[in-house]
There are 2 protein chains.
Amino acid sequence: MILVVTPNPAVDVTYRVAEQRIGETQRVLGVQRRPGGKGLNVGRVLASTGVRTHAVLPLGGDGGHWIAGTLDDLGLAHTDVAVRGETRTTVTVVDDLAHPTMFGEPGPVLTPDEWDTVTASVETMLDGDVGDVGGAAGAAGAPPAAALVVSGSLPRDSDPDVVARWVTAARRRGVLSVVDCSGTALLAAASAGATVCKPNREELLEATGTDDERSGALRLLGLGATVVVVSRGSDGIAAHLSEHVLEVPAVPGVSGNPTGAGDAATAGLVRVLVDARSVPAPDDATLLRALRSAAAHGAAAVLQPVAGAVDPADVDRFLSTPPAPAHDRTRTPA
Amino acid sequence: MILVVTPNPAVDVTYRVAEQRIGETQRVLGVQRRPGGKGLNVGRVLASTGVRTHAVLPLGGDGGHWIAGTLDDLGLAHTDVAVRGETRTTVTVVDDLAHPTMFGEPGPVLTPDEWDTVTASVETMLDGDVGDVGGAAGAAGAPPAAALVVSGSLPRDSDPDVVARWVTAARRRGVLSVVDCSGTALLAAASAGATVCKPNREELLEATGTDDERSGALRLLGLGATVVVVSRGSDGIAAHLSEHVLEVPAVPGVSGNPTGAGDAATAGLVRVLVDARSVPAPDDATLLRALRSAAAHGAAAVLQPVAGAVDPADVDRFLSTPPAPAHDRTRTPA
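Below: a short report on this structure.

Criteria and thresholds
Residues numbered from 1 in each chain as written. Chains lettered and ligands numbered in written order. Predicted model: local features only at pLDDT ≥ 70, side-chain atom pairs only at ≥ 80, totals over all residues. Heavy atoms only, no water. Contact = heavy atoms within 4.5 Å. Buried area = accessible area lost by both parts, 1.4 Å probe. Salt bridge = Lys/Arg side-chain N within 4 Å of Asp/Glu carboxyl O. Polar contact = N/O pair within 3.5 Å; in protein donor to acceptor, adjacent residues only side chain to side chain. Helix = DSSP H or I, 4+ residues; strand = E, 2+ residues; numbered from the N terminus. Pairing = 2+ DSSP bridges. Buried < 20%, exposed > 50% of the residue type's maximum accessible area, 1.4 Å probe, protein only. Axes fitted to C-alpha atoms, helices over the stretch in contact; angles between N-to-C directions. Parallel < 35°, antiparallel > 145°, perpendicular 65-115°, else oblique. Left-handed = near helix turned anticlockwise from the far one by under 90°. Nonpolar A, V, L, I, M, F, W, Y, C, P; charged D, E, K, R; others polar. Least-squares fit on C-alpha atoms with pLDDT ≥ 70 in both.

A few points about the interface of chain A and chain B
And then number 1: Each partner contributes residues to the interface: chain A has 28 residues there, and chain B has 28 residues.
And then number 2: Summing both sides of the interface, chain A and chain B together bury roughly 2,400 Å²; the carbon and sulfur share of this comes to 57%.
And then number 3: Taken together, the links from chain A to chain B amount to two salt bridges.
And then number 4: Arg33 of chain B is paired through a salt bridge with Glu105 of chain A; the nearest N and O atoms lie 2.9 Å apart.
And then number 5: Remark: the boundary between chain A and chain B carries 16 residue pairs in polar contact (both at pLDDT 80 or more).
And then number 6: If you list the elements that add at least two residues to the side of chain A that touches chain B, you get strand S3 (25-27), strand S4 (30-36), helix H2 (61-74), strand S7 (88-94) and strand S8 (101-104) of chain A.
And then number 7: Sort the elements by how many residues they give to the side of chain A that touches chain B and S8 of chain A lands first, with four residues.
And then number 8: Pairing analysis gives three bridges linking S3 of chain A to strand S8 (residues 101-104) of chain B, with the strands arranged parallel. Bridging across to S8 of chain B, Thr25 of chain A finds its partner in Met102 of chain B.

A closer look at the pattern of salt bridges
All names here are of chain B.
And then number 1: All chains considered together, the criterion is met by 30 salt bridges over all chains.
And then number 2: A salt bridge links Arg173 to Asp127; the nearest nitrogen and oxygen atoms lie 2.7 Å apart. Highlighted residues: Arg173 in the loop between helix H4 (161-172) and strand S10 (176-180) and Asp127 in helix H3 (residues 112-127), separated in sequence by 46 residues.
And then number 3: By relative accessible area, which is 35% here, Arg173 ends up partly exposed.

Side note on the sheet that holds strand S4 (residues 30-36) of chain B
And then number 1: Taken in spatial order, the five strands of this open sheet run S3(A)-S8(B)-S7(B)-S2(B)-S4(B), and their pairing is mixed. The sheet is open, and its two edges are formed by S3 of chain A together with S4 of chain B, each paired on a single side. Averaged over all pairs of adjacent strands, the angle between strand axes in this sheet comes to 20°, irrespective of strand direction.
And then number 2: Bridging between strand S2 (residues 10-16) of chain B and S4 of chain B involves seven bridges; their strand directions are antiparallel. Bridged to Val11 of chain B within S4 of chain B is Pro35 of chain B.
And then number 3: Across the sheet, helix H2 (residues 61-74) of chain B touches S2 and S4 of chain B, and the angle it forms with S4 of chain B is around 85°.

Topic: the side chain of Thr286 of chain B
Residues and elements named next belong to chain B.
And then number 1: Note that Thr286 resides in helix H9 (residues 284-302).
And then number 2: Of the residues examined, Thr286 reaches a relative accessible area of 6% and is grouped as buried.
And then number 3: With residues near it in sequence (within four places) discarded, Thr286 still touches Val272, Leu273, Ala276 and Ser278.

Brief notes about the packing of helix H1 (residues 38-48) of chain B against helix H8 (residues 261-275) of chain B
All names here are of chain B.
And then number 1: One can describe the packing of H1 onto H8 by two numbers: an axis separation of 8 Å at closest approach and a directional angle of 55°. The orientation of H1 relative to H8 falls into the category oblique. Here H1 and H8 pass one another in a crossing that is right-handed. Along the contact surface, H1 presents Lys38, Asn41, Val42, Val45 and Leu46, while H8 presents Asp263, Ala264, Thr266, Ala267, Val270 and Arg271.
And then number 2: When its residues are assigned to classes, the contact of H1 with H8 shows six nonpolar, two polar and three charged.

Points about the relation of the copies chain A and chain B
And then number 1: Taken as rigid bodies, chain A and chain B are interconverted by a rotation of 180° and an axial shift of 0.0 Å, the fit giving an RMSD of 0.0 Å. Here the two chains are linked by the operation of a two-fold rotation axis. In terms of C-alpha distance to the rotation axis, chain A has Asp62 of chain A as its closest residue, with the C-alpha 3.1 Å off the axis.
And then number 2: Of the interface residues in chain A, 100% have counterparts in chain B that sit at the interface too, so the contact is made through matching surfaces.

Details of the sheet that holds S8 of chain A
The pairing of strands in a sheet comes from backbone hydrogen bonds and takes either a parallel or an antiparallel form.
And then number 1: Judged by pairing direction, the sheet is mixed, and its five strands sit side by side in the order S4(A)-S2(A)-S7(A)-S8(A)-S3(B) without closing on themselves. Edge positions in the sheet fall to S4 of chain A together with strand S3 (25-27) of chain B, since each of these pairs with one other strand and no more. Each neighbouring strand pair of the sheet contributes to a mean axis angle of 20°, computed without reference to strand direction.
And then number 2: Note: strand S2 (residues 10-16) of chain A against S7 of chain A, seven bridges, orientation parallel. Its bridge partner being in S7 of chain A, Tyr15 of chain A is matched across the sheet by Val93 of chain A.

In structure tokens:
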């Protein structure tokens, strides 16, 4: 089972209008509502490719209630931590004429007690739920976790150390962890010894205050991360280790909807790492397969109209095309 | 008790942003959520001025659940008709630089059975609920209705005849009715013999296909309405009868938020009509007092930052200012 934590889930609403205009009343021609937040995208992609997945997430208010019901409908097992704040909504307005406009609500502020409950739920699910009375609904009978994924932003005013607590809980149990967060939460995950830190390039540079990808990756490796995987969109994906960098190009000739492609890549990455039992550290051959899987999952996600979905046939097709040569840029130690 | 039907309620969400821009991600600085729909504005103003009020409304999905809970919190008694569709949301984006942008979801389509249940609820509440087992939650012990208010749009694909059924149900019981709808629903209300049709001028011209207010009002009177009250914003408010027109100017020197001012005016109008027991038809003196009350409530609503609210002290202040002379434009019969 892969355990996926979404610290700041959202009700993702998309409004289609004829033409975006400021200052007018616009009839919404189509409404889509989806459970959002990067971790839920990762979890849905994993589940859609047949990987047993369990989501842990704080939920509050009617938005939280809606997400819980929808995850039930989707068949994605989940442990909900009830919080007093209202789970946020994001509204994205689209037409065929301009770039989408996104309105992001600030989301709830969690209390220390609520964070403690999230952490306790993570620890419980890392160990697996043997189905005792008192197990979370939907969680009964879950096996111990083979991997922990933490993905997406933290709610505002959060202590980034919560991510470190989850990573530490995984490490102590010999469970590999993949963290796709930004800012101080990314640094905290590295310091706690995350197996993989997986920011995109912009997030990496911003979090580390560096000007180039390699320097930023070395910063995270220096803090304690085992591997730093950097997704670069159409420029492919790279795994940084202290001595060298492994790179895989993006699948060529794929265009469509890039939203959530990075989350699908995370799913593709963790699938391979779990299959190879990459604890405490993946070897280079496993990492290259994981990068190719990430690229294939990311490309398959681009073909889908919505985030958090891939067609497994697309993934297989992209994996079976002859791989472009991978670069192994061996470096002398710094 | 005044019975208020809101055929198409909404979760009204307001997002404050720094500056509206198309094609960008915008941080929402403030979120407000309110139960919306014109009838709920009328009901909240009535309740805030101490008038016993009961709302009937179709509600579905999480939005409907949220509205029901919020009406409980506000202390507004309500009978909810559960519908399969999702109660709509409207999102209004505001900044300090441009006009607000409003995104209106289409809302649910109600089945004939669901409409029948709405009508049955209207009939039950017109008769009053004596508190028997089986009474709607919050409705037990309600006295018979002294007035029926129907306000706001119908959901898409609705048969406008549902409004006629409610008006007829009121008329048969000797209960006065005030209908603020648009389009064919307004015509249906007039044909069913509504005591007051209360469109704004644009709605009147659009529904009747006429070019001037008097012609449009005569059309509704000819169909069967007893009085046609037309709200004109800063140009005041008029009551059209077959032989003459009564007019009251707007309260001068009031500026602020016009959203919902027309709904507050409806509340002010119906309060006076109920107090004067204006069945089957209000006399001219009552109508003039009702128009002045409508203008005072509308002006008081403009001073509030949100729709569906007045400060009763503002209403009293505007009512106690010396009234401008009313115009009685007696006409010869057409």
